[in-house]
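Residues per chain, in single letters:
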Amino acid sequence: MKKYVVGVDVGASKTLCGLFDDQMRLVRVIQRPTDAELPAEAMMDALDAYVRELARGAGVPLEEVRGVGAAFPSHVDFAEGVLLETADLYQLNDTPVRDMLKKRLALPVFIDNDSNAAALAEHRLGAGRGVRDMIYVAVSTGVGGGLILGGELYRGIHGSAGEIGHMFVSDSTGYPCGCGVSGCVESIASGANMAKYAIDRIKEGAESRILDHAGTMSGIDMVAVGKALAEDDPLAIEVVERGAEYLGRMFQSLYQIFDINIFVYGGGVMKLGERFVSRIIAAYRRYSQMEYRYPAQFLPAELGDNAGMIGAALLVK
């Protein structure tokens, strides 16, 4: 009996590969850098090599592996196994990744969007265990999400369900976004654009400890903002409150549309902690009519940076 499955989480800068047994216990994990400039064929060769290295290091022949799941930061046609569009790995656009990996590994291969994979992992093995419906939200460089409806991952007609970062929340603010508009939540409240707002405010003359923590203007990120926030820096508070306001609007719209009141949140920006999360919840409550009768639960994700890798492994039926 084939006992093992492999989960691969391909990010813009790093790739995580995990080998799991039939109880979804992690046997071995390796991390390798992602060369985002590699052509599609060369990148598939690299992923093939990583999977083989992973199994070999665990002393597991590939013949004992049931299949491989792979998650990408991309719009994915799940049924066809094709990456349709990705900003970070543009050379994989319109690439039949599933079949390319299947040919190399001679194993069943399943692919999906990284936020979908993380949502699946948190639902089955993380903060969403035991709930029927939940919405997973990741706030990091961008804003992503995944929908669990009736206990199953919902991908939509074209595989783009859960792209909540591109919900339109403002017609008066936001930076230009790859989705084609300014005013979606990602254009305002993603880590990249919150940091950009801090840079612009400092260029306008705002005094802040953010720059002291970052060292240089180009080095300003949400880690520097978080350190300044801990010191009650006025600009850091402004940055966080602005982002929280629009994330709160997003959560309210999600609840209104889906009538789901279980939100699991993760991503690097959410590591700002309670001072950020409490502001998001407060903004949400200002707008939510449902909250008074059916209060929402905001649950921190439990699987951390391994969620995408675990979810990818769970794709293997």
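Residues numbered from 1 in each chain as written. Predicted model: local features only at pLDDT ≥ 70, side-chain atom pairs only at ≥ 80, totals over all residues. Heavy atoms only, no water.

Asker: Before we go on, may I ask you to explain helix H9 (residues 274–287) in this structure?
Answerer: Compared with an ideal rise of 1.5 Å per residue, which puts 14 residues at 20 Å, H9 spans 20 Å between its outermost C-alpha atoms and is within 8% of the ideal. Those residues of H9 lying buried are Phe-276, Val-277, Ile-280, Ile-281, Ala-283 and Tyr-284. The buried residues of H9 occupy one face: seen down the axis, they fall within an arc of 160°. Relative to its buried face, H9 has exposed residues pointing more than 90 degrees away, namely Glu-274 and Arg-286. Where H9 is buried, its residues touch helix H5 (191–203), helix H8 (234–258), strand S11 (262–266) and strand S12 (297–300). (Helix = DSSP H or I, 4+ residues; strand = E, 2+ residues; numbered from the N terminus. Expected span 1.5 Å × (residues − 1). Buried < 20%, exposed > 50% of the residue type's maximum accessible area, 1.4 Å probe, protein only. Arc of directions from axis to C-beta. Contact = heavy atoms within 4.5 Å.)

Asker: Explain unusual backbone geometry to me, please; I cannot follow it from the model alone.
Answerer: Located in the positive-phi region is Ala-106, a residue other than glycine, with phi close to 55°. Looking at the element boundaries, Ala-106 is found in the loop between helix H2 (97–105) and strand S7 (109–113). Owing to a relative accessible area of 66%, Ala-106 belongs among the exposed residues under this scheme.

Asker: Help me understand the sheet that holds S12, please; the structure alone is not making it clear to me.
Answerer: Backbone hydrogen bonds hold the strands of a sheet together, and the pairing may be parallel or antiparallel. What the five strands build is an open sheet, ordered S10-S9-S8-S11-S12; its pairing is mixed. Two strands lie at the open edges of the sheet, namely strand S10 (152–154) and S12, each paired on one side alone. This sheet shows a mean twist of 30° between the axes of neighbouring strands, independent of strand direction. Contacts between helix H3 (residues 114–125) and the sheet are confined to strand S8 (134–139), strand S9 (143–149), S10 and S11, with S9 contributing the most and set at about 50° to the helix. Helix-sheet contacts for H8 involve S8, S9, S11 and S12, and the interaxial angle to S8 is about 160°. (Pairing = 2+ DSSP bridges. Axes fitted to C-alpha atoms, helices over the stretch in contact; angles between N-to-C directions.)

Asker: Please explain the packing of aromatic side chains as it appears in this structure.
Answerer: Aromatic ring pairs: the centre-centre distance and the angle between the two ring planes describe each pair. The full count for this structure, using the stated rule, is seven aromatic pairs. When the ring of Phe-251 is compared with that of Phe-263, the centres are 4.9 Å apart and the planes differ by 70°; the resulting orientation is edge-to-face. Placement of Phe-251 in helix H8 and of Phe-263 in strand S11 is noted, with a sequence separation of 12 residues between them. Residue Phe-251 is classed as buried on the basis of its relative accessible area, which comes to 3%. A relative accessible area of 0% places Phe-263 in the buried class. Here the aromatic rings of Phe-263 and Tyr-284 are separated by 6.3 Å at their centres, their planes lie at 75°, and the arrangement is edge-to-face. In this pair, Phe-263 sits in strand S11 while Tyr-284 sits in helix H9, placing the two residues 21 residues apart along the sequence. You'll find Phe-263 and Tyr-284 in the same group, each marked buried. One aromatic cluster is present, built from ring pairs that chain together Phe-251, Tyr-255, Phe-263, Tyr-284 and Phe-298. The cationic tip of Arg-155 hangs over the ring face of Phe-78; the distance from NZ or CZ to the ring centre is 3.5 Å. In this arrangement the basic side chain of Arg-242 is found over the ring face of Tyr-197, its NZ or CZ atom lying 4.0 Å from the centre. (Phe/Tyr/Trp six-rings, centres within 6.5 Å; stacked < 30°, edge-to-face > 60°. Lys NZ or Arg CZ within 6 Å of the ring centre and 35° of its normal.)

Asker: Explanation requested: the pattern of salt bridges in the structure shown.
Answerer: A pair can form between side chains of opposite charge whenever their charged atoms are brought close. A complete count under the given rule lists 19 salt bridges for this structure. One salt bridge in this structure joins Asp-45 and Arg-104, with 2.7 Å as the shortest N-O distance. Residue Asp-45 is located in helix H1 (residues 40–58), and its partner Arg-104 is located in helix H2; the two are separated by 59 residues in the primary sequence. One network of salt bridges, with partners in common, ties together Glu-41, Asp-45 and Arg-104. (Salt bridge = Lys/Arg side-chain N within 4 Å of Asp/Glu carboxyl O.)

Asker: I would appreciate a short explanation of the sheet that holds strand S3 (residues 26–33) in the present structure.
Answerer: Pairing is mixed in the open sheet, where five strands are placed in the order S3-S2-S1-S4-S7. Bordering the open sheet on either side are S3 and S7, each of which pairs with just one other strand. Between one strand and the next, the sheet's axes are offset by a mean angle of 15°, whatever the strand orientation. Lying over the sheet, H2 contacts strand S4 (65–72) and S7, oriented at roughly 150° with respect to S7. Contacts from H3 reach strand S1 (4–10), S4 and S7 within the one sheet, and its direction differs from that of S7 by about 100°.

Asker: Even after reading the chapter, I still don't get the pairing of strand S2 (residues 14–20), so can you show me in this structure?
Answerer: Regular strands place their side chains on alternate faces of the sheet. Taken across its seven residues, S2 has six buried, putting it largely inside the fold. Pairing analysis gives six bridges linking S1 to S2, with the strands arranged antiparallel. Looking at the pairing, Val-5 lines up with Phe-20 of S2. What sits between the antiparallel neighbours S1 and S2 is a turn of three residues. Sheet analysis places S2 next to S3, joined by seven bridges and oriented antiparallel. Its bridge partner being in S3, Cys-17 is matched across the sheet by Ile-30.

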